[in-house]
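Inside the fold
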Amino acid sequence: MSDADDKRRRLGQSFAEADGLAASLDARLAHYEARSRTIVPDVLAAYDRLVARLVAGEAGRAGVPRAGDELPDFVLPDTDGQLVALADLVATGPAIVSLNRGHWCPYCRLELRALARAQPHLGERGARIVSIVPETEKFTARMSEEHGLPFQVLTDIDLAYALSLGLVIWIGEEMIAQYSAMGIDLPRFHG
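First, a word on what this report is: a plain description of the structure on this page. This structure is a prediction, so every number in the text was calculated from the model and none was measured.

Moving on to the overall build of the protein. Check the secondary structure of the protein and you find nine helices and five strands. Starting at the N terminus and walking to the C terminus, you meet the elements of the protein as α-α-α-β-β-α-β-α-β-α-β-α-α-α. Relative to a compact globule of 191 residues, whose C-alpha radius of gyration would be 16 Å, the protein shows 17 Å and is just as compact. In terms of overall dimensions, the protein has a C-alpha envelope of 50 × 35 × 30 Å along the principal axes. In the protein, which comprises 191 residues, the share counted as buried stands at 38%. Relative to all contacts within the protein whose residues are 6 or more apart in sequence, the contacts with residues 24 or more apart total 63%. Carbon and sulfur atoms make up 55% of the accessible area of the protein, which totals about 10400 Å². Side chains of the protein give 20 positive and 27 negative charges; the mean places of these two sets differ by 7 Å.

Pasting the structure below:
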């Protein structure tokens, strides 16, 4: 087994441990991050540098919606190619909109699985959940199927909606290299 394969295997085990915790999403994410720091410290160090760069540049300070803010409308395709509008989602009650990086992101998967667990409780109260991912339909469908998501996953393939919210950043060459070394092919996933 190659070193990269061993790291992917260990990260998979860490993901399963974190997802299986009887704990809050914050605790699950923290557990996964702590384990990841021991398995792929170079990747987490690169993330830390990226976050420091974003903080220094005040990314996300102005114009970015906060929890509870009303979002501008969107019309995006779902995994079946059907167009979904935010106005239709909120016609019968509140909507929870989760913007995620992609099927490859373990932090996003932990969040989406937590939302899937909460969906029956939220649905009883008339709330709808939707995830928006900047990936091609093939990969959004794969994410939905692999994780048994009981809600729609929409494609923001050109990042136009995320850009309108001020949520698009340049991750930089260092992160692209780290992702590539881990087998994460962003150009293929994002079309």
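Moving on from the coordinates now.
With 23 residues, the main nonpolar core has Y47, W104, M175 and Y179 as its most contacted residues. Elements represented by at least two residues in this core include exactly α1 (3-20), α2 (25-39), α3 (41-56), α5 (106-124), α8 (172-181) and α9 (186-190). Among the elements that take part in this core, α3 stands out by supplying six residues, more than any other. Beyond its immediate stretch of four places on either side in the chain, M175 contacts A46, Y47 and L50. L86, L89, V130 and Y161 belong to the second largest nonpolar core, which has 10 residues in total.

Right, let's talk about the sheet that holds strand β5 (residues 152-155) for a bit. Through backbone hydrogen bonds, the strands of a sheet pair up, either in parallel or in antiparallel fashion. Spatial strand order, β3-β4-β5: three strands in an open sheet with parallel pairing. This sheet does not close on itself; its edge strands, each paired only once, are β3 (95-99) and β5. Sheet twist, expressed as the average angle between the axes of neighbouring strands with direction ignored, equals 25 degrees. Where α5 meets the sheet, its contacts fall on β3 and β4 (128-133), and the angle it forms with β3 comes to roughly 175 degrees. The strands touched by helix α6 (residues 137-146) are β4 and β5; relative to β5, the strand with the most contacts, the crossing angle is about 160 degrees.

Cut-offs used in this document
Residues numbered from 1 in each chain as written. Predicted model: local features only at pLDDT ≥ 70, side-chain atom pairs only at ≥ 80, totals over all residues. Heavy atoms only, no water. Helix = DSSP H or I, 4+ residues; strand = E, 2+ residues; numbered from the N terminus. Rg over C-alpha atoms; globule rule 2.2 N^0.38 Å. Buried < 20%, exposed > 50% of the residue type's maximum accessible area, 1.4 Å probe, protein only. Contact = heavy atoms within 4.5 Å. Areas by Shrake-Rupley, 256 points an atom, 1.4 Å probe, with all protein chains shown as cover. Lys, Arg positive; Asp, Glu negative; His and termini not counted. Charge placed at Lys NZ, Arg CZ, Asp CG, Glu CD. Core = buried A, V, L, I, M, F, W, Y, C linked by side-chain atoms within 4.5 Å. Pairing = 2+ DSSP bridges. Axes fitted to C-alpha atoms, helices over the stretch in contact; angles between N-to-C directions.

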